[in-house]
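The lines below spell out each chain.
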Amino acid sequence: MAKKRLSSTLSEVFDLREGEIKKALLMQVVIFLIISTLLIVKPTVNGLFLAKFGVEQLPYAFILVAISAAIVSYLYSRLLFRVNMYRIFRYTIQLSVVSLLLFGIFLRLNLAENIVLYVFYIWVAIFALLTTSQFWILANMVFDSRQAKRIFSFIGAGAIAGGIFGGYLTSILSNHISAEYLTGVSAFILAPVLFLSHEIWENYLKSDVRILTAISQTKYDSKQPYKLILESRHLTLIAAIVAISVMVAKLVDYQFGGLASDIIQDPDELTAFFGFWFSTFNVISLFLQLFMTRRIVGHYGVASTIFILPATIFMASMVIFLFPGLLFGVVLLKMSDGGLKQSINKAAMELLIFPVSTEIKNRTKTFIDVFVDSLATGFIGLLLIFIIKGMGMSYMAVNIMLVILIVLWIYFAFLVRKEYVKTISAKLRKLNETNRQENIDYNKSSVIETIQQVLKSGTDEQKLFMLKKIRPLADRRFQSALVALLDDPSAKIRAEALINALAYHDPVIKQKAMALANDETQMVKVRAIEYLVRHEPYNQQFIHGYLNHSDVKIWSAALVGLAWHIRAVPHSIWRHELNRQIRSTLIKLSNEKEISRKKHITITLLKAIGYGRLTEFYSFIDALFEDSDSSIRQSAISAAGYTRSEFLFDSMIRIIQKGPGSDTPAIENALAAYDGYFLTLLKDQELGQDLSVVAFLPGILRKIPRQSSVDYLFTLLSHKNSRIRSDTVRALNYLKNNHDHLWFDAAVIANELKKLVTGYMDMLTILYAQSNNTISGSTEEFKARKDLVELLEARLDQRLEVIFRLLGLQYPPEDIMSVYSGITAKQKEYRASAVEMLDNILDRDMRKVLIPLVESTMLEELNNDIIKRLKLSVPDEKHCFRYLLEFGDERLALAVLHLLESEGHHFMLEMTSVAAMHYSEKVREKSVQLASISL
């Protein structure tokens, strides 16, 4: 009962979830013991060192710490090649316990006291950095970034509690025993860490494939840590912030320790003073950690929380300017540093490095925590020697240095905030690269050069691919490359280059086309003639020769080329000739016996009529909409799109009213070719309420990049049909991604997002209710309910995609879809990174709505704890069925009716009356059938 009560309390207060409590407690106890040890030995060595040497020797100690840390960092990085992180941590603890006992013996016996004190001071500094750094690396392995955001405040409370315990214990014991004996006490407290770390490794790390992979990669990667840091802007900025924060902390320590040692002369009293205040600072830190850290980090995000500590120290340093020389001022300064550093700032800094891969983190974090920290310590030592001793400046000069460093700290914090999001984004985009094709940015000179190089010296396959890729652009930057390809040895490439060349009216291309009109390859000859007819329409002898040619393909090329000319110049002298050619060909067509020739001529006539917009022949196009040959049928549909005829529009609408078919893509493309006129005809004929027509609208409007298309699609977001709503969001998403000139109403998007999220949560509770009912009932009922549950799960997945696509209208689409790929990935680390990315790019209101939803999708099992955490109420069976019948999804409604039929519910008649109002004819028919059974 007590264990259950503790579990419930931890869950409610610290948001610890199932499976997290034991490992969080173990990690908390480990850091409690490490920091307790540190807070015993640190005031002890500070008191002994300052009493023996005075504050003047501190800068020299700082320099020696830096030199020692450089040696330790080098040895440590070499050791990582041979030994895994866990074993190094154990070796560190074992060596530390032995060292503490030896220091106590040497100090008690007064053996080489001066040297031992210096070595002890350096050892404590490195111990503090090394053990805490190694601990947080282990914590990074045990928890993912989303767990860490919740749990690190709880674990950090253990560190602060250890500081309080160690500090107050030192303050009490120093009144009864001499400082030398405190090292033995600290060794006794540190020893249990060995047993606890073994428990953590065996239960939570040893079997984790991700961790084992990271360890193995670390062993085989010989790159030095500093190189890895310099290669990563994110790590470089973190290292810079660590260095500056250390220098600020040392200046704070210098002022605090210096003024205190000037006032308090007795070593034991000074040790007690330091112990009391260090513990008091930790009480403040513990309060912040327990009640503020998780809320602040969760509310403002990691990248914003890092500003709090430098801003607070800055304000405290201003107090020193106002009240110079008072102990109160430096106590307040130290309180700002000590209160926030190990609580809010510690959590933020540890989370800041999470986007970095585990193997690189293992190599670089300790280097940053030890070497960079100590290097900064040495640098500030030299600076203090130069300013205080060399120039004879006062504590006020130190305060000025402090302010300058804080300004730099804030500057780097701004930079790292951007880099943090970029690092997560890059990680997710790398995952997303396999799921999507990158859009080519033709504005980049490097892209243009690559295309030109491919067209010049690529393989035949590469040239053909690139010609088709750039064809819609008609970009003159590729014109010279196209001219060269007209002489290519490959007939396919010459033909494709001529198709691209149609966009250019150029005398050089014309001259080459004249030569290619006599090419030995038929397809090249046809393309050359098509070019010449289109660009030389006033050479009557030339055109008549091709229009009367015996080769049907040459004739076709001339006719289609002439039609394109008529389209551009409606009153051309050739219009009458084109009409005459088509009229005479139509008369002959009925007598054509050869099927393939007849088909070719028919398609040519359709293209010519469509391109030339020859209204007197539109009935010919209309008649072929029902042709048995799919290629003729789809050519007729394409030709209708070129005409933009209201008459043919009506015919195509009648086709789509029959429902989707093999010609659906061709119909969508043809109607999209009407461009802005499409919506005018749609509204004039009041087709916006016809469900069979509306179902096609998202697919059509996504191909018409106009503001009117966006505006109309927004009206479909509230359509009663869930499939239409989903297709509409996808269409809007496509327009947003591919057309920067369009405007999307942020208020409408936000409103629709809230509706979608609410609907998602409603469906989640229904899924939970139905999942809990699958264990009972007859075999038929069990199967019907199981089918409904599986369909609900699929619909939730679809709705999640729709939510993210709609979100991509309000935020950078590439980032949002990268996040979606991360959330739906199988790897836990990608899912956690995706939510963290979302947490940093969304505004506060959207974050509060979406983050809980997204986190619920990442859980493998939907249980009562999740429902309670999301503050959802589970509906009864009757409300579940009513909601699904009114939702607007045909398959869901049919699944509900099938379940009602298998169960024989007493409220089946009431539900059939709801289903009778459904838009789907199938659902209405089924409801009538069930109503008759229930009566």
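Since the structure is predicted, the reported quantities are computational estimates derived from the model, not experimental observations.

Cut-offs used in this document
Position numbers for residues count from 1 along each chain, tracking the sequence in the order it is written. Where totals are concerned, whole chains, interfaces and linings use all residues; where local detail is concerned, this predicted model gives features only for residues with pLDDT of at least 70, and gives and counts side-chain atom pairs only at 80 or more. Only heavy atoms go into the side-chain values, all of them from the structure, while hydrogens and water stay out. By the criteria applied, helices consist of DSSP H or I runs no shorter than four residues and strands consist of E runs no shorter than two, each listed in order from the N terminus. Expected span of a helix, by definition, is 1.5 Å for each gap between consecutive residues, and there is one gap fewer than residues. By definition, residues are in contact when any of their heavy atoms lie within 4.5 Å. Take a side-chain nitrogen of Lys or Arg and a carboxyl oxygen of Asp or Glu: if they are within 4 Å of each other, that pair is a salt bridge. Burial classes: relative accessible area under 20% of the type maximum marks a residue as buried, over 50% as exposed, and values in between as partly exposed (1.4 Å probe, protein chains only). Two rings belonging to Phe, Tyr or Trp (six-membered ring only in the last case) form a pair when the distance between their centres is within 6.5 Å. Interplanar angles under 30 degrees mark stacking, angles over 60 mark edge-to-face geometry, and anything in between is tilted. By definition, being over a ring means that NZ of Lys or CZ of Arg is both within 6 Å of the ring centre and within 35 degrees of the ring normal. The pLDDT score gives, residue by residue, the confidence of the prediction method on a 0 to 100 scale. What goes into a patch is any residue over 30% in relative accessible area without a salt bridge, connected to like charges within 9 Å or, for nonpolar side chains (Val, Leu, Ile, Met, Phe, Trp, Tyr), within 5 Å. To measure how exposed things are, a 1.4 Å probe is used in the Shrake-Rupley method; for residues, cover is taken only from the protein chains shown. Two N or O atoms count as a polar contact when they lie within 3.5 Å, although within protein this holds only if one can serve as hydrogen donor and the other as acceptor, and sequence-adjacent residues are included solely when both atoms are side-chain atoms.

**Section: helix α4 (residues 85-108)**
Then step 1. Relative to the 34 Å expected for 24 residues at 1.5 Å per residue, α4 spans 35 Å between its end C-alpha atoms, a close match to the ideal helical length.
Then step 2. With its phi angle positive at about 55°, N110 sits one or two positions after the end of α4.

**Considerations on the environment of F542**
Then step 1. Its place among the elements puts F542 in helix α25 (residues 540-547).
Then step 2. When the C-alpha atoms of F542 and L532 are compared, they prove to be 9.1 Å apart, with 10 residues separating the residues in sequence.
Then step 3. Other than its neighbours up to four places away in sequence, F542 contacts M514, L532 and V533.

**Re the pattern of salt bridges**
If charged atoms from side chains of opposite charge come close, those side chains can pair.
Then step 1. On inspection of all chains with the given rule, the structure shows 27 salt bridges.
Then step 2. Residue R471 pairs with E496 through a salt bridge whose shortest N-O separation is 2.2 Å. Placement of the pair is R471 in the loop between α20 (460-470) and α21 (479-485) and E496 in helix α22 (residues 491-501), with a sequence separation of 25 residues.
Then step 3. Exposure remark for R471: the relative accessible area of 29% places this residue in the partly exposed category.
Then step 4. A salt bridge links D663 to R633; the nearest nitrogen and oxygen atoms lie 2.5 Å apart. You can see D663 sitting in the loop between α31 (646-656) and α32 (664-672) and its partner R633 sitting in helix α30 (residues 630-643), a full 30 residues away along the chain.
Then step 5. Residue D663 is classed as buried on the basis of its relative accessible area, which comes to 12%.
Then step 6. Where salt bridges share partners, they join R723, D727, R730, E801 and R805 into one cluster.

**Some points on the packing of aromatic side chains**
Then step 1. Under the criterion given, the structure shown has 14 aromatic pairs.
Then step 2. Summarising the aromatic geometry, the rings of F804 and Y820 are spaced 5.6 Å apart at their centres and angled 45° between planes, so their arrangement reads as tilted. Here the residue F804 occupies a position in helix α39 (residues 779-807), and Y820 occupies one in helix α40 (residues 813-823), the gap between them amounting to 16 residues.
Then step 3. Judged by relative accessible area, F804 falls into the buried class, the value being 1%.
Then step 4. For Y820, a relative accessible area of 16% corresponds to the buried category.
Then step 5. By way of ring pairs, the aromatic residues F103, F120, W123 and F127 are connected into one cluster.
Then step 6. Note that R725 overlies the ring of F887, its terminal NZ or CZ placed 5.2 Å from the centroid.

**Here we look at the confidence of the model for the protein**
Then step 1. With 84% of its residues at a pLDDT of 70 or more, the protein has an overall mean of 79.
Then step 2. Note on residues 212-221: pLDDT under 50 across the span, and 17 contacts to partners over four residues away in sequence or across chains.
Then step 3. Long-range and interchain partners of residues 434-439, a stretch whose pLDDT sits below 50, account for 6 contacts in this model, where long-range means more than four residues apart.

**Digging into the side chain of E668**
Then step 1. Following the sequence through the fold, E668 ends up in helix α32.
Then step 2. Its relative accessible area of 17% is what places E668 among the buried residues.
Then step 3. Not counting chain neighbours up to four residues away, the residues in contact with E668 comprise F696, G699, I700 and K703.

**Quick notes on a nonpolar patch on the surface**
Then step 1. Residues V98, L102, I105, F106, L109 and L111 make up a contiguous nonpolar surface patch of about 530 Å² in total accessible area.
Then step 2. Note that L109 resides in the loop between α4 and α5 (113-142).

**Section: the side chain of S36**
Then step 1. With respect to the helices and strands, S36 occurs in helix α2 (residues 21-53).
Then step 2. Accessibility expressed as a relative area gives 0% for S36, which makes it buried.
Then step 3. One polar contact links the side chain of S36 to the main-chain carbonyl oxygen of F32, over a distance of 2.7 Å.
Then step 4. Once you skip the residues sitting within four places of it in the chain, S36 turns out to touch G162, F165, G166 and I189.

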